[in-house]
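# Examination of the molecular architecture
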Amino acid sequence: EVQLQASGGGSVQAGGSLRLSCVASGFNFEQYIIGWFRQAPGKEREGVSCMDGYDGRTVYADSVEGRFTISSDSAKNMIYLQMNSLNDEDTAVYYCATNDAVYSDPLMWDYWGQGTKVTVSS
């Protein structure tokens, strides 16, 4: 049974940093794609970043490229999202997810954790 649980959200001033964590179980990291999504108030859920568990290749949304870093620790069954230089547009509920293939549409992803809220103030 695939299970994911995100944590680490909170309130931070613009320019600050947060590190989100996701405890994962029930699947082999090396055979799945892991990712982070977010949903801001009044907006659709969007992809933030994902990583191929097999070779470690990553992709980022243009809005977070250079500021966010996705990583994982398979030995600890953990997925991370390091977020630096946060700004107002990063305010959202963040979700960790996994799937057997990469899709840009969140509806195509099969497994989701609960959201963790990030609030950035100016």
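For the structure, check the block above.
Residue numbers run consecutively from 1 along every chain, following the written order of its sequence. For this predicted model, a pLDDT threshold of at least 70 governs which residues receive local features, and a threshold of 80 or more governs which side-chain atom pairs are given and counted, while totals over whole chains, interfaces and linings are taken from all residues. Hydrogens and water molecules were not included; the side-chain quantities draw on all heavy atoms of the structure.

### Description of the environment of D62
Where we set the bar: The helix and strand labels rest on DSSP assignments: H or I over at least four residues marks a helix, E over at least two residues marks a strand, and numbering proceeds from the N terminus. We call a residue buried when its accessible area falls under 20% of the maximum for its residue type, exposed when it is over 50%, and partly exposed in between, using a 1.4 Å probe and counting protein chains only.
Here D62 is to be found in the loop between β6 (58-60) and β7 (68-73). Residue D62 is classed as exposed on the basis of its relative accessible area of 77%. It is 8.7 Å that separates the C-alpha atoms of D62 and V48, two residues lying 14 residues apart in sequence.

### Let's talk about the pattern of salt bridges
To keep things clear, this is the line we draw: Note on definitions: salt bridges are taken to be side-chain nitrogens of Lys or Arg within 4 Å of carboxyl oxygens of Asp or Glu.
Within this structure, the stated rule accounts for three salt bridges. A salt bridge links R38 to D90, with the shortest nitrogen-to-oxygen separation between them at 2.9 Å. Here R38, found in strand β4 (residues 33-39), pairs with D90, found in the loop between β8 (78-83) and β9 (92-99); they are 52 residues apart in sequence, far enough to count as distant. The residues R38 and D90 share a single accessibility class, namely buried. A salt bridge links R67 to D90; the nearest nitrogen and oxygen atoms lie 2.8 Å apart. Placement of the pair is R67 in the loop between β6 and β7 and D90 in the loop between β8 and β9, with a sequence separation of 23 residues. Classification of R67 as buried rests on a relative accessible area of 14%.

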